[in-house]
Each structure stands twice: as C-alpha cells, then as structure tokens.
Amino acid sequence: MKKYFLTFIFMFFMFFGFVNAKSEYYDFVWEHDWVDNHEISGIIDAVDTDNGFIAVGFAGSDPVEYAIMSFNKDGSYNNMITYKDTKLVKVLEDNGKYYAFGINEVLNGFVVIQLDGTGKVLKTLEVPVINEVHVDEDDAFYVSVVDEQFYIYDFYYYSVYYSTIKVEKDLSSFVEIHQNDWDEEVTAAVDDYYNLHVFYQKYIFDGTPENYEVTDSIPYKDGFLVANVDWDDEISYIYYEKDGVQIWKTELDGIFVKSIIPYKVENIILISQNEWGTTNESIGIFDTDGKKIADDDLANYYPEISDTDDYLPEFFIELNNGFMIASSKTGDGFATRLMYFSRIYNINTVVKGEGTVEVIESSAPYKEVTFKITPKDGYVLSVVKVTDKNGNVLLFTDDTFTMPSADVIIEATFVKEEKNPDTSSSAIPTIMAFSSLLCVVVIVLASRRKEMLE
C-alpha cells in the first residue's frame with residue numbers, strides 16, 4: 001500500500017507541474033534519460049517518420065561512436081546502428097525515403113546512407129574528396145535537395161575552405177565540384193550556403209576567430225539564423241542573415257546560446273540557452289525581428305532538473321510537428337536527456353441541428369482526446385464525424401480519438417425526435433367505421449332472414 005501511495009504522490013506533483021508550465025506555443029509530450037547506462041550519448045539531428053523518429057548522434061563514452069538511432073512515437077528507444085569513424089551530422093526525409101549524412105576523417109570524405117522508415121540501412125555511398133574534411137565543424141555542413149540530386153556544401157568557419165559535392169539520390173554516383181566549375185544549377189543549389197560563409201567572415205570573425213564561436217546556423221526564410229558566442233565578454237548574439245548581409249542582430253548579455261531554430265509553425269524563433277557559467281537552462285522565445293517575447297525554464301517541464309541542477313542544452317532540433325532538446329549532464333561524459341515538445345493543433349466543432357459538442361480547444365499529436373455530445377430536448381444525434389484538416393476521417397471509440405498532426409473538426413448532426421402515434425386516439429375513427437359497417441351487415445342479414453321466413 002505504501003508503494004502505491006508514494007507513486008500517487010509522485011504522479012500528483014508531476015501532473016500539476018506540467019499543467020502549470022504549459023506554453024501557448026508548444027506542448028511538452030515526453031522525455032527520456034540515458035544518464036545511467038550511457039547507451040545513448042547525444043542527439044545531433046532528427047526527423048519525423050510514420051513510426052516515430054530517426055536520429056543521428058553518438059553513443060557510449062570511451063570511445064564515442066557515432067550512430068543512427070530510431071525511436072517510437074512515445075520516445076522509447078527502438079534500435080541503433082553505430083559507426084566507428086563516421087561522424088553523422090544530418091538526417092532528412094525525401095519522397096518517403098530517409099538519408100543520413102556524415103563526415104569520415106579516415107576516408108577524408110563524406111558518407112551518405114539511405115534508410116527506411118524504421119532506421120534500417122538500405123544503401124551506403126562513400127564520397128572521398130580532395131580538400132581536407134573537418135569533423136569538428138558539423139554546424140557548417142549543409143545539404144540542398146534539388147530534383148534527383150543532393151548537394152553537400154561543407155566549409156570551415158575560419159577560412160575560405162569549402163567543398164561542394166553532387167550526389168545522385170539513388171546513391172549511384174557523385175562528383176566533387178570546384179567553384180570555378182559551378183554552373184547555374186549548382187549556383188542555385190549552394191549559393192545561399194556560400195553567402196552564409198561570406199557572412200561569417202564579414203560580420204562575426206573579422207580577423208579575431210579565437211574569441212568567437214558559431215554555435216548554430218540554420219536556414220530561415222530566404223537566409224539563415226545564426227547564433228554565436230563571445231567567450232571573452234560572455235555575450236551571445238543571434239542574427240538573421242540574407243545574401244551574406246546582416247538583416248538584424250540581437251545581443252544577449254550574460255547568456256550562452258547553444259542552438260537556435262525557426263519555429264515556423266508558430267512564426268517565432270526559439271533558442272536553447274543558459275545563464276553564463278550556470279546550469280539554469282531555458283528556452284528563449286523571440287519574434288521574427290529578434291525581439292525577446294519570453295523565457296521558458298525547462299525545470300518547469302522536468303522537476304528533477306531543479307534537484308540535479310546539472311543539465312545543459314546541447315542540441316535544438318526542429319521537427320515537422322515540434323522540436324527536440326538534447327541536454328548533456330555536466331561532469332558525467334556525454335549522457336543525454338532527450339525532451340520532445342510538440343506544436344499544438346486546434347480542435348474545432350461544427351453543430352447541425354440542436355445540441356452541443358464539448359471538447360478541449362487544442363492538443364498535441366499522439367494524445368487521446370475525449371469529447372461529449374449532448375442533444376437538446378426533442379432532438380437525437382443522427383451522425384457524428386471526426387476529420388482532420390486534410391479531410392482524413394479519424395476512427396474513434398467511446399467518443400475518444402488519437403490526435404493527429406493536424407487540426408481536427410468534430411461534426412455532429414442532430415435531428416428532431418420522431419414520436420410514436422397515440423393509439424388510443426387514432427384508433428377511434430377506425431373503431432367507429434368498423435362498428436357502422438357491422439351494423440349495416442347485421443341489418444341486411446336480418447332483412448334477408450325475414451324474407452325467407454315469409
């Protein structure tokens with residue numbers, strides 16, 4: 001009994017902690033922690049699948065091995081494939097297929113891996129190059145998807161070094177392309193990344209790279225969002241860059257910014273941050289002009305952070321339906337806590353006839369949603385239909401359905417109740433007619449009988 005009581009108390013505080021911390025922009029769905037067994041050490045990039053998520057990152061602590069990992073929709077670990085010499089830094093989906101990209105120092109080149117939706121390897125292509133690869137600069141690794149090709153653009157922050165590789169999507173062949181040989185197609189595919197490289201040299205490093213570090217850069221609108229830190233003055237900056245030119249810049253004094261993502265579904269910008277020199281980690285919420293809207297303390301979503309006080313946000317990964325945060329445990333190798341936040345989808349109701357539909361206004365995907373339908377007096381429910389924004393019909397049982405990754409409409413049709421006719425009143429005319437007919441028959445029979453007797 002004591003065990004169940006303690007479990008109840010724990011769940012009570014967990015529940016109310018999450019409810020109080022709910023954001024209007026996203027919803028905390030689940031977390032998983034690999035501190036104890038160190039089986040999974042870090043997540044660098046991830047992508048949604050029909051089954052859950054495929055991620056690339058690293059595993060173990062001595063030595064670290066890079067890996068492709070797959071997770072179920074609830075975040076539970078599914079399987080992993082490790083690579084000794086290939087640093088995997090990006091994963092993407094294209095036409096129902098999945099691809100992981102990495103850098104191999106032994107090969108001095110790149111590796112492209114085709115996967116199915118469960119993370120199983122289908123095909124691998126090794127791409128040796130002439131220029132020296134730099135595995136420490138994974139944030140400068142970009143992939144452009146054009147028609148039947150991938151264009152890999154990789155550059156070193158502090159120099160004019162870069163590589164451009166064209167890879168066929170079926171992984172049948174590749175070619176390394178020097179800038180002097182760029183045609184219109186190549187220029188259109190990688191020019192934005194080249195302009196970002198120019199932006200680094202002009203606006204960030206400016207001859208003093210030893211004091212600065214670019215912590216993240218990610219495509220945004222027609223340019224890029226960039227985060228960098230000044231180690232000397234303990235200041236971070238976030239930029240919006242377009243065509244190699246600074247559009248706006250926001251200074252964050254005393255804040256260390258590790259990652260930045262454009263949360264396009266809500267038209268805001270999010271950063272993973274902590275106070276410089278502390279482990280107080282939070283999500284910074286900004287508008288599209290780089291102005292601060294709010295700070296959201298991650299301890300609100302995972303109470304243990306308040307107790308251990310030793311987790312730092314390392315990677316911030318945008319997904320189709322939300323984002324992930326991978327945090328490292330300081331002083332304990334690369335152990336990682338993975339937290340998944342989902343965008344919030346609306347639930348709308350349409351009522352035809354007289355009645356009501358009661359349901360919550362919004363929900364994150366994969367959660368169970370229950371609704372209540374009540375007809376008004378004199379009406380009955382005729383039809384109820386639950387569909388998503390794309391017109392897909394959702395199955396429901398006992399007025400409960402699983403929230404999809406889209407807005408939902410619950411449509412209920414009520415019709416007037418048909419009452420049974422009152423037999424006591426409606427039968428009178430019939431009885432009277434029958435009685436009259438019977439009287440006529442009796443009179444006729446009596447008359448004939450009299451004639452026969454005479």
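How each quantity is defined
Residues numbered from 1 in each chain as written. Predicted model: local features only at pLDDT ≥ 70, side-chain atom pairs only at ≥ 80, totals over all residues. Heavy atoms only, no water. Helix = DSSP H or I, 4+ residues; strand = E, 2+ residues; numbered from the N terminus. Buried < 20%, exposed > 50% of the residue type's maximum accessible area, 1.4 Å probe, protein only. Contact = heavy atoms within 4.5 Å. Areas by Shrake-Rupley, 256 points an atom, 1.4 Å probe, with all protein chains shown as cover. Pairing = 2+ DSSP bridges. Patch = residues over 30% accessible without salt bridge, like charges linked within 9 Å, V, L, I, M, F, W, Y side chains within 5 Å. Salt bridge = Lys/Arg side-chain N within 4 Å of Asp/Glu carboxyl O. Lys, Arg positive; Asp, Glu negative; His and termini not counted. Charge placed at Lys NZ, Arg CZ, Asp CG, Glu CD. Axes fitted to C-alpha atoms, helices over the stretch in contact; angles between N-to-C directions. Phe/Tyr/Trp six-rings, centres within 6.5 Å; stacked < 30°, edge-to-face > 60°. Lys NZ or Arg CZ within 6 Å of the ring centre and 35° of its normal. pLDDT = per-residue confidence, 0-100.

*Asks:* Lay out the overall build of the protein with the relevant residues and their values.
*Replies:* When you go through the protein residue by residue, the secondary structure sums to four helices and 32 strands. Across the 454 residues of the protein, 46% fall into the buried class. Within the protein, contacts between residues separated by at least 24 positions form 48% of all contacts whose residues are at least 6 apart in sequence. Of the roughly 23400 Å² of accessible surface on the protein, a fraction of 50% belongs to carbon and sulfur atoms.

*Asks:* Residue-level account of the sheet that holds strand β30 (residues 379–388), with values.
*Replies:* Read from one edge to the other, the open sheet built from four strands follows the order β27-β25-β32-β30, with strand pairing classed as mixed. Looking along the sheet, the strands with just one partner apiece sit at the ends: β27 (362–363) and β30. Where strand β25 (residues 345–352) and β27 come together, two bridges link them in antiparallel fashion. For Y345, the partnering residue across the bridge sits in β27 and is S363.

*Asks:* Just give me the short version of a negative patch on the surface, but keep the residues and values in it.
*Replies:* Together, D147, E148, D170, D183, E184 and E185 make up a region of like negative charge exposed at the surface. By secondary structure assignment, the location of D183 is in the loop between β13 (174–176) and α2 (184–205). By relative accessible area, which is 42% here, D183 ends up partly exposed.

*Asks:* Account for the sheet that holds strand β21 (residues 292–297), naming residues and giving values.
*Replies:* Where strands meet in a sheet, backbone hydrogen bonds hold them as pairs that are either parallel or antiparallel. Spatial strand order, β18-β19-β20-β21: four strands in an open sheet with antiparallel pairing. If you trace the sheet from one side to the other, it starts and ends with β18 (255–263) and β21, each paired once. Neighbouring strand axes in the sheet, compared pairwise and without regard to direction, differ in orientation by 25 degrees on average.

*Asks:* So what about the packing of aromatic side chains? Which residues, and what values?
*Replies:* We describe a pair of aromatic rings using the distance from one ring centre to the other and the angle between the two ring planes. This model, assessed by the stated rule, comprises 33 aromatic pairs. Ring geometry for F256 and W276: centres 5.3 Å apart, planes at 75 degrees, overall edge-to-face. On the criterion of sequence distance, the pair formed by F256 in strand β18 and W276 in the loop between β19 (268–275) and β20 (281–286) is long-range, its members being 20 residues apart. No difference in accessibility class separates F256 from W276, as the two residues are buried. Ring pairs connect the aromatic residues Y142, Y153, F155, Y193, F199, Y200, Y203, F224, Y237 and Y239, which therefore count as one cluster. Here K249 stacks its cationic end above the ring of Y237, 4.4 Å away from the centre of that ring.

*Asks:* Go over the confidence of the model for the protein with me, naming the residues and quoting the values.
*Replies:* Averaged over every residue, the pLDDT of the protein is 82; residues scoring 70 or more account for 78%. Residue range residues 1–20 is modelled with pLDDT below 50. Its contacts to residues more than four positions away, or to other chains, number seven contacts.

*Asks:* Account for the pattern of salt bridges, with residues named and values stated.
*Replies:* Inspection of every chain in the model, using the stated rule, returns six salt bridges. Between K242 and D222 there is a salt bridge, with the nearest N and O atoms lying 3.9 Å from each other. One end of the pair, K242, is in strand β16 (residues 235–242); the other, D222, is in the loop between β14 (212–220) and β15 (223–230), with 20 residues separating them in the sequence. Using a relative accessible area of 52% as the deciding quantity, one classes D222 as exposed.

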